[in-house]
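Residues per chain, in single letters:
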Amino acid sequence: MPTEAALADDDIAPLLERMTATSTLFRGIEPDALAELLRQGGRRVRLSPGEDLVREGEAAEAIYFIESGSFEVLKRSDAAGVDNGRVGTGVVVGGEDGHAIDRMHSGAVVGEVALLDRGTRSATVRALEPATAIELRVRDLDRSAGTLPPAVQMQLNLAHEL
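So, here is what we can say about the structure in this document. All of these numbers come straight from a predicted model, not from anything done at the bench.

This paragraph deals with the pairing of strand β4 (residues 62–68). For β4, the tally of buried residues reaches six of seven residues, placing the bulk of the element in the interior. Pairing of β4 with strand β12 (residues 131–137) involves six bridges; the strand directions are antiparallel. Bridge assignment links Ser68 to a residue of β12, and that residue is Thr132. Relative to strand β10 (residues 109–110), β4 runs antiparallel, the two being bridged by two bridges. Counterpart to Phe65 in the pairing with β10 is Val109.

So this is what it looks like as structure tokens:
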């Protein structure tokens, strides 16, 4: 089971620098506002190989910045004719958790669609090795202070990437 811990004050500055340097999602957010968000609501999630960061179908309530490690993205269904991990005559593709559609590494962001659509997770993200991710809850992003709330800036950044 993944373990969670609040971020220490000493973690904030180097994490803030890394997040804004490696992910376009965090660029343009006032550094003080992002630092405060990390202090108040940021959590470090540690995972062992095989543990899930998010699961397909769960409520999308947070985004995650991958701090270290690699993850596999698994999908039970897609638009290419796979339905719940099965194709055509019921042959299972990739097992009960679905098939691998991508890999994510340090510096990537997981779950950013939660900023736009508060629905459910569209895929499972599973650690392939010991890994850590920084969790930011969407509700905390919505409530944060600043001239342009971080959630709004992240939405603009995400829209620019699309």
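Next up on the list: the pairing of strand β2 (residues 43–47). Sheet analysis places strand β1 (residues 3–6) next to β2, joined by four bridges and oriented antiparallel. Bridge pairing in β2 places Thr3 opposite Arg46. In the sheet, β2 pairs with β12 via five bridges, with the strands oriented antiparallel. Of the residues in β12, the one forming a bridge with Val45 is Ala133.

Calculation notes
Residues numbered from 1 in each chain as written. Predicted model: local features only at pLDDT ≥ 70, side-chain atom pairs only at ≥ 80, totals over all residues. Heavy atoms only, no water. Buried < 20%, exposed > 50% of the residue type's maximum accessible area, 1.4 Å probe, protein only. Helix = DSSP H or I, 4+ residues; strand = E, 2+ residues; numbered from the N terminus. Pairing = 2+ DSSP bridges.

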